[in-house]
Amino acid sequence: MLLAVAAGWFLVLGMRFVVPAILPTIREEFVISNAQAGLAVTVLWLTYAAMQFPAGALIDRVGERTLLVAAALLSGVGLLGYFFAPVFSLFLVATGAFGLGTGLYGPTRGTVLSRTFDAREGTAFGVVMAAGSLGAAALPAVAAFVATRYGWRAALASVAPLFIVVAGALWLSVSDRPAVDSERSLRRDLRTVVAGFRNRALVLSVSGETLMLFVFQAVTAFLTTYLVAVRGLSQGTAGALLSVLFVGGALSQTVTGRLADRYGTPVVLTGVALVSTVPLALVPSVEGVAPLAVVAAAIGVRMSAGPLANAYIVDTLPDAAEGTGWGLLRTAFFAVSSLGSTAVGLLADRGLFALAFYGLAGLTLLAAGVFLTLPRRGRV
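Since we're looking at a predicted model, the values are computed, not measured. (Residues numbered from 1 in each chain as written. Predicted model: local features only at pLDDT ≥ 70, side-chain atom pairs only at ≥ 80, totals over all residues. Heavy atoms only, no water.)

Peer 1: Now, about the packing of aromatic side chains: what can you tell me, with residues and values included?
Peer 2: Evaluation of the coordinates by the stated rule reveals 21 aromatic pairs. Ring centres 5.5 Å apart and planes at 50 degrees place the aromatic pair Phe333 and Phe334 in the tilted group. For Phe333, a relative accessible area of 2% translates into the label buried. Of the residues examined, Phe334 reaches a relative accessible area of 7% and is grouped as buried. One aromatic cluster is present, formed by Phe17, Trp45, Tyr48, Phe216, Phe246, Phe333 and Phe334 through successive ring pairs. (Phe/Tyr/Trp six-rings, centres within 6.5 Å; stacked < 30°, edge-to-face > 60°. Buried < 20%, exposed > 50% of the residue type's maximum accessible area, 1.4 Å probe, protein only.)

Peer 1: I'd like to hear about unusual backbone geometry, residue by residue, with values.
Peer 2: Glycine aside, a negative phi is what most residues show, and trans is what most peptide bonds show. Located in the positive-phi region is Val31, a residue other than glycine, with phi close to 55 degrees. Turning to its location among the elements, Val31 is positioned in the loop between α3 (23-30) and α4 (34-50). (Helix = DSSP H or I, 4+ residues; strand = E, 2+ residues; numbered from the N terminus.)

Peer 1: Describe in detail the packing of helix α12 (residues 200-229) against helix α16 (residues 305-316), supporting the description with residues and values.
Peer 2: At a minimum axis separation of 10 Å, α12 and α16 run at an interaxial angle of 155 degrees. The angle between α12 and α16 places the two elements in the roughly antiparallel class. The handedness of the crossing between α12 and α16 comes out as left-handed. Residue-level contacts link Ala201, Leu202, Ser205, Val206, Glu209 and Met212 of α12 to Ala305, Gly306, Ala309, Asn310, Tyr312, Ile313 and Thr316 of α16. Residue composition of the contact of α12 with α16, by class: eight nonpolar, four polar and one charged. (Axes fitted to C-alpha atoms, helices over the stretch in contact; angles between N-to-C directions. Parallel < 35°, antiparallel > 145°, perpendicular 65-115°, else oblique. Left-handed = near helix turned anticlockwise from the far one by under 90°. Contact = heavy atoms within 4.5 Å. Nonpolar A, V, L, I, M, F, W, Y, C, P; charged D, E, K, R; others polar.)

Peer 1: Please provide a residue-by-residue account of the nonpolar core, values included.
Peer 2: Counting 104 residues, the largest nonpolar core has Phe91 and Leu170 as its most contacted members. Counting residues per element, this core draws most heavily on α12, at 13 residues. Not counting residues within four places of it along the chain, the set of residues in contact with Phe91 comprises Val19, Ile26, Phe30, Ala40, Tyr82, Ala85 and Trp152. Formed by 19 residues, the second largest nonpolar core is a distinct cluster that contains Leu211, Met212, Ala260 and Val272. (Core = buried A, V, L, I, M, F, W, Y, C linked by side-chain atoms within 4.5 Å.)

Peer 1: Before we move on, can you summarise the side chain of Arg109 with the specific residues and values?
Peer 2: Relative to the assigned elements, Arg109 resides in helix α7 (residues 88-116). Every residue in contact with Arg109, bar those within four places of it in the chain, is listed here: Val5, Trp9, Leu68, Val128 and Met129.

Structure below.
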């Protein structure tokens, strides 16, 4: 079961960054602007966000096995839809289907691991998260290579059968969830969550995480397009540099957790935001593939803020409605961050790619200021 869930997360997380990796080829075929390309990535993240809260509410009522299988099948259908999308509008429909499927997978993955591996939860989560990081690092580069030789449709649709295989493995390996009281009031949980929003620590941590996600979504959406259109790199090289970004993120995550335990989450979050501000500001001026690879890896350091901020937010939420609150907040900050690619696309269409990167660096610096004001956990 652990291998099936990990394989699903490998595909879900990795393929979510494949569309940005091959955007230059997609733009060329559909003859669309940067803003329209950014809209496609926004649709992907927005539909992902839209499923976070409903998925959390459905877990107790439907069970993880049904939801995980449905998520894998819907994701596969979305990828297969790319093969039959002759116009950009249908491309967006396929993107929406894939986003909904991946959004359904995320929260359900977490609860089934917690339920099944109660005594070894940390190990189980580590295996699955490592699989996701590996997918995010490997699949964009592989897809860029395939797209160069066989076209972007093949790069996306060829992964659909793997989702079908994962769906079968999940159906066979995941046990049914024990029945719970379905009469529990969702309205009551929402009231508890809203009351918890008066907590200053919760407001600050959510604000900082939203800023970091907004910038991350914008950078991963347009880094390859910028490197191809402005720097003149091949799509294969640009896709490889995007993969380097995720490698940098995976490596930094192995360190920042221990630092947070020693020095406190707010201090480490502030440091991560400050460190990842600098490479964003350097993107427009750095020359050469090797220096760009270093910059990309340094940008990836911001990925380590996610797990730390998430743990802080969950710890701050009211215990009586923690699941409901977490699902609602995930929908909110993923929805806001989904607008990052559209914002960068609009600037890029006006020849302001460099300004976009400087602006993203400024937002990251603002996030550092927000994190700096966070109280340590235990004092919230």
